[in-house]
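# Structural characterization, general
Spelled out, the chains give:
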Amino acid sequence: MPAADLVLTGARIRTLDPARPTATAVALRDGLITAVGTADDIRDWRGPGTETVDLRGAHLVPGLTDAHSHPVWGLDMATGTDLSGVTDLAGLRAALARAERTEGWVVGYGLDHNAFQGRPVHHELVADVLGGTPAFLRLYDGHSALVNGPALAAAGVTGPRAFDQRAQVVCDASGRPTGHLVEHAAMDLVGAVVPRPSYGERRARLLELLSAMAATGLTGAHVMDGGDLELVETVARETVLPVRLRFAPWCMPGADADALRELIEAQDRGGRHWLVGGVKFFMDGTVEGGTAWLEHPDCHGQGTDAFWPDPRAYAEAVRTLHAAGVRTATHAIGDAAVRHVLDTVASLGPGGHGAHRIEHIETAPDELLPRFAELGVAASLQPPHTGYTRDDGTDEWSRRLGGDRAARAWRLRDLREAGATVALGSDWPIAHYDVRAVLATARRPKGAAAHRPGLTATQALEGCTSHAAAAAGESAVAGRIAPGFRADLTALAVDPVHAPGDELTDSPVVLTVTGGHVTHRGPAEEIR
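Predicted model only: the values in this text are computed from it and were never measured.

## With respect to the overall build of the protein
Scanning the protein from terminus to terminus reveals 19 helices and 26 strands. Over its C-alpha trace the protein gives a radius of gyration of 23 Å, about what one expects of a compact globule, namely 24 Å for 528 residues. Its C-alpha atoms give the protein principal-axis dimensions of roughly 80 × 50 × 50 Å. Taken across its 528 residues, the protein has 60% of its residues classed as buried. Considering only intrachain contacts with a sequence separation of at least 6, the fraction spanning at least 24 residues in the protein is 73%. Accessible surface, the protein as shown: approximately 19,600 Å² in total, 49% of it carbon and sulfur. Each charge class in the protein can be summarised by its mean position, and for the 49 positive and 66 negative side chains these summaries are 2 Å apart.

Structure representation (structure tokens):
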């Protein structure tokens, strides 16, 4: 038999393979797992060129996957001053006063809606500390931004605009922009004139980011945008991507037959450790921005409109892509948005089972939960998002929804118990990419979701392995440690099923392997 490229021994392996749940050694060749068993079972796979790593009792699991991330597009989103630590208006003003100027601009990201302390988002709140310096500040949800007067002037934005999607240049009673830009089309008006990192800077940042992700144990990410595929393709030719990337380019309102054809033709484009596989839709925006599609208005009287002004056009686009064999993922946060996506998949008939997924699902009534399993729609949730809410209901998300709907926050366990596939992710840069925190928070959600049980430790692990694979239609090649499956593996110093959540969050990552390539090695002394 041909020799393995890499053999891992001395491990406590949790395979998630019903045929062989546990093992102590595994052999890898040409990016695939070739053998799983004991050291004796693997012995014959060793050859002169085989690298052997003794994991000395580390806990080996299928490679951990972030089922919702933006590691390429997010390079622009997470540019400039990190405002995620700002908690109030005084803190925001202080951060902007000392913020670095980039080509004459102040650029920031991660700003929490709660920092405005209930005030409307308005550039007058920070005008004096910025002076004549243009500023573009992304709010943490990625769907809204605060820009000041000089930035509006640089982009030529002097009043309201009309968009194909639900987006808004928020204006005061006299028609003057307040600086609050809601949804992508509005943000892009100013984003187009904001300084952008060079190709070299983006390439370096991409590799740095993916390496940092691998250092937390990540071997893969479902990328919920089209990213910069030319950048990814070039980098993947030059080196090994530390994290496997599966892209789902956006389909936005107004997409015509030609646009749909381009999305269909883009499928399966890829290279080593990257692939275009699916299409991403938006059925609504965010609760905090007033753009989640709700069955009843939020407490500000907003939230009754879909992101697609004609929801039937969304359904027709999904049907067109489905007929071409394209998987879809739809951003749906509000109850009306979730219901419409489920209704759309139901209209596909039995052939739609297992081919589509819904992202976020932040509030959903009881009657919708069984439909996920009935229709084979995967539920993709991001447990760290719960950290933007508060258990006393004083946060912007909870205040917007009101008590009853806020009580239905992030129903991870309820969806699993209803039989749904539940894939887990971070939505980086909306939340940190550390997959250990994703696992721990799934077990113990925060804020508005803290009153309900989280996933069991096994369910959480499945959310980043076997259920993530199922959500991508990859159950035959990923999500378990078995011969013929991808050689994507994560070794942790603690058992992710039996260790308490705080220990898991701080657990050293002993080894990360993507496609048979070692992408991270922890210090040997961390193995215990």
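The structure having been displayed, the exposition proceeds.
## Section: the pattern of salt bridges
Inspection of every chain in the model, using the stated rule, returns 35 salt bridges. In this structure, D305 engages R166 in a salt bridge whose closest nitrogen and oxygen atoms are separated by 4.0 Å. Taken together, the residues span a long stretch of sequence, with D305 in the loop between β19 (279-282) and α10 (311-323) and R166 in the loop between α5 (149-155) and β13 (168-171) at a distance of 139 residues. Judged by relative accessible area, which is 40%, D305 ranks as partly exposed. D414 is paired through a salt bridge with R452; the nearest N and O atoms lie 2.8 Å apart. With a gap of 38 residues between them, D414 in helix α15 (residues 412-417) and R452 in the loop between α16 (435-443) and α17 (457-463) connect regions that are remote in the sequence. Just as D414 is buried, R452 falls in that class too.

## Side note on the packing of aromatic side chains
Counted by the stated rule, this structure contains 10 aromatic pairs. Where F281 meets W308, the ring centres are 5.9 Å apart and the plane angle is 45°; that geometry is what we call tilted. Within this pair, whereas F281 is found in strand β19, its partner W308 is found in the loop between β19 and α10, the two being separated by 27 residues in sequence. Here F281 matches W308 in class, with each residue buried. Seen from their ring centres, F282 and F307 are 5.5 Å apart, and the 45° between their planes marks the pair as tilted. Residue F282 is found in strand β19, and its partner F307 is found in the loop between β19 and α10; the two are separated by 25 residues along the sequence. In this structure, F282 and F307 share a single accessibility class: buried. One aromatic cluster in this structure is built from W73, W250, F282 and F307.

## Description of the packing of α10 against helix α11 (residues 335-346)
Running from N to C, α10 and α11 point in directions that differ by 40°, and their axes come no closer than 10 Å. Put simply, α10 runs oblique to α11. Here α10 runs over α11; the crossing is right-handed. Contact residues: P311, Y314, A315 and V318 in α10; H340, V341 and T344 in α11. In the contact of α10 with α11, the residues fall into five nonpolar, two polar and no charged.

## Structural notes on the side chain of D427
With respect to the helices and strands, D427 occurs in the loop between β23 (422-424) and α16. Buried and without a salt bridge, D427 has K280 as its closest oppositely charged side chain, separated by 6.6 Å. Looking at D427, its side chain comes within polar contact range of the side chain of H385, at 3.3 Å. Setting aside residues up to four positions removed in sequence, D427 forms contacts with D66, H68, S69, H70, H360, Q382 and H385.

## Observations concerning the sheet that holds strand β1 (residues 6-9)
Spatially, β5-β4-β1-β6 is the arrangement adopted by the four strands of the open sheet, whose pairing is mixed. Strand pairing shows two members of the sheet lacking a second neighbour, β5 (32-37) and β6 (51-54), which therefore form its edges. Strand-to-strand twist in this sheet, taken as the mean axis angle between neighbours without regard to direction, amounts to 15°. Here strand β4 (residues 25-29) runs beside β5; their pairing, made up of five bridges, is antiparallel. Considered in β5, the bridge of V26 is made with V36.

## Quick word on the side chain of D414
At a separation of 2.8 Å, a polar atom in the side chain of D414 contacts the side chain of R452. With near-sequence residues (within four places) excluded, D414 lies in contact with L369 and R452.

## So, the sheet that holds β23
Ordered in space as β19-β20-β21-β22-β23, the five strands form an open sheet in which the pairing is parallel. Strands at the two margins of the open sheet, each flanked by one partner only, are β19 and β23. Taking the axes of each pair of neighbouring strands and ignoring which way they run, one obtains an average angle of 25° across the sheet. In this sheet, strand β22 (residues 377-381) lies alongside strand β21 (residues 356-360) in parallel orientation, the contact comprising four bridges. Directly across from E359, in β22, lies its bridge partner S380.

## Examining α16
For α16, the buried fraction is high: seven of the nine residues fall into the buried class. Turning to α16, its buried residues number three or more, namely V435, R436, V438, L439, A440, T441 and A442.

What counts and how
Residues numbered from 1 in each chain as written. Predicted model: local features only at pLDDT ≥ 70, side-chain atom pairs only at ≥ 80, totals over all residues. Heavy atoms only, no water. Helix = DSSP H or I, 4+ residues; strand = E, 2+ residues; numbered from the N terminus. Rg over C-alpha atoms; globule rule 2.2 N^0.38 Å. Buried < 20%, exposed > 50% of the residue type's maximum accessible area, 1.4 Å probe, protein only. Contact = heavy atoms within 4.5 Å. Areas by Shrake-Rupley, 256 points an atom, 1.4 Å probe, with all protein chains shown as cover. Lys, Arg positive; Asp, Glu negative; His and termini not counted. Charge placed at Lys NZ, Arg CZ, Asp CG, Glu CD. Salt bridge = Lys/Arg side-chain N within 4 Å of Asp/Glu carboxyl O. Phe/Tyr/Trp six-rings, centres within 6.5 Å; stacked < 30°, edge-to-face > 60°. Axes fitted to C-alpha atoms, helices over the stretch in contact; angles between N-to-C directions. Parallel < 35°, antiparallel > 145°, perpendicular 65-115°, else oblique. Left-handed = near helix turned anticlockwise from the far one by under 90°. Nonpolar A, V, L, I, M, F, W, Y, C, P; charged D, E, K, R; others polar. Polar contact = N/O pair within 3.5 Å; in protein donor to acceptor, adjacent residues only side chain to side chain. Pairing = 2+ DSSP bridges.

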